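This is what each chain is made of:
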Amino acid sequence: QRLSDTVAQFGQAATIGALCDGIARCLRDLTGYDRVMVYKFDPDGHGKIIAEARDPRLDSLLGHQYPATDIPQRARQLYLSNRVRMLVDVHYQPVPLQPPLLPADAAAGRAAPADLDMSMCCLRSMSPLHLQYLKNMGVTGTLVVSLVREGRLWGLIAAHHDSPRAIGPGLRAACDLLSEVAATRIAAIENYAHAQVAILVRRLEQRLVEATSTEGDWRVALFRNPRTLLQPLEATGAALFHDGEWLTTGEVPSTAELRQLLQWVDRQYVEPPFATSAVGKAEPALDSLTPTASGVLAVKLSIAKP
């Protein structure tokens, strides 16, 4: 019944934020871990905690970001094939596998001894670096469940406990099922959002053509309805530089800062569109733009030919 209720709740979530909040709460109720978090990976592999359910005595980690190097590529591949991994006690003592190699077996096509593939084994030992990482955080037991969307690692559900904790295979199978349901819902929400943006863009194109035909100036037409321009990109401001003049709408940097930004983007521009999520990190000289224009998307409307 709990699984059925949880699946129904996931199906009703209309946004990624609401869905991930539900994932964290439901998985914590189901497994009893002190903290359950949902990580989302960006296109560069960096992770961010976008949802959390925790014991009130713990400090929140919501919003924390982690570099892509925290999870090596080999580990990411393992998360794709083995979607539920449990560590009962970070202080365990590894036990060598005996024999260390699979014997030669002509029937199996092994002419010589070979390593045993333990990728799908729930008792597989973990990286010493990962174990030390958890110890530094004060974490003793963990459960990690992959969120795989269309063959790609979209994110992780990570559960932490401050004492040893083991859950049985039935409960692990339930977590695997819920992660699959959640990943399906994530795909549906994101695909719907992309479709809605496409509709908004087509409407913007149509309105721009209509406004240009009546007003004669495409620049005025573009900025006449700021909401129509900003909403498809979820932007807070926009600026157009044309014929030595600036047209702006929404929240934008000063004219002097816009000129600095324009010069920097012009040097970085290789192919359209140019985008950065943190202009102050990409160019420290532009750090003053962070409060109003941390993320920047720029497109040249025409490129002069030599």
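The sections below set out a description of the structure shown in this document.

How each quantity is defined
- Residues numbered from 1 in each chain as written.
- Predicted model: local features only at pLDDT ≥ 70, side-chain atom pairs only at ≥ 80, totals over all residues.
- Heavy atoms only, no water.
- Helix = DSSP H or I, 4+ residues; strand = E, 2+ residues; numbered from the N terminus.
- Rg over C-alpha atoms; globule rule 2.2 N^0.38 Å.
- Buried < 20%, exposed > 50% of the residue type's maximum accessible area, 1.4 Å probe, protein only.
- Contact = heavy atoms within 4.5 Å.
- Pairing = 2+ DSSP bridges.
- Axes fitted to C-alpha atoms, helices over the stretch in contact; angles between N-to-C directions.
- Lys, Arg positive; Asp, Glu negative; His and termini not counted.
- Salt bridge = Lys/Arg side-chain N within 4 Å of Asp/Glu carboxyl O.
- Polar contact = N/O pair within 3.5 Å; in protein donor to acceptor, adjacent residues only side chain to side chain.
- Phe/Tyr/Trp six-rings, centres within 6.5 Å; stacked < 30°, edge-to-face > 60°.

Turning our eyes to something else, we now look at the overall build of the protein chain. Helices and strands together make up the secondary structure of the protein chain, namely 10 helices and 12 strands. Against the 2.2 N^0.38 benchmark of 19 Å for 306 residues, the protein chain shows a C-alpha radius of gyration of 25 Å, more extended than a compact globule. Over its C-alpha atoms, taken along the principal directions, the protein chain stretches across nearly 80 × 50 × 45 Å. Of all 306 residues assigned to the protein chain, the portion counted as buried reaches 35%. Partitioning the contacts of the protein chain with sequence separation of at least 6, the portion at a separation of at least 24 is 54%.

Once that is clear, we can look at the sheet that holds strand 4 (residues 84-87). Here 6 strands make up an open sheet; going across it, the order is 3-2-1-8-7-4 and the pairing antiparallel. Of all strands in the sheet, those bounded by a partner on one side alone are strand 3 (65-66) and strand 4. Pairing of strand 2 (residues 47-54) with strand 3, which is carried by 2 bridges, proceeds in the antiparallel orientation. Paired with glycine 47 across the bridge in strand 3 is tyrosine 66. The sheet strands contacting helix 2 (residues 16-31) are strand 1 (35-41), strand 2, strand 7 (141-149) and strand 8 (152-161), and the helix crosses strand 2 at an angle near 50°.

In this section: the side chain of arginine 76. Here arginine 76 shows up in helix 3 (residues 73-81). Of the buried charged residues, arginine 76 lacks a salt bridge, with aspartate 42 as the closest side chain of opposite charge at 7.5 Å. A distance of 3.1 Å separates the side chain of arginine 76 from the backbone oxygen of alanine 68, its partner in a polar contact. Residues within four places of arginine 76 in sequence aside, it is in contact with Phe41, Gly45, Ala68, Ile71 and Leu153.

Another point: the packing of aromatic side chains. This structure, assessed with the given rule, holds 3 aromatic pairs. Residues tryptophan 264 and phenylalanine 274 carry aromatic rings whose centres are separated by 5.4 Å and whose planes lie at 80° to one another, so their mutual orientation is edge-to-face. One end of the pair, tryptophan 264, is in helix 8 (residues 255-268); the other, phenylalanine 274, is in strand 11 (residues 274-276), with 10 residues separating them in the sequence. Residue tryptophan 264 is classed as buried on the basis of its relative accessible area of 4%.

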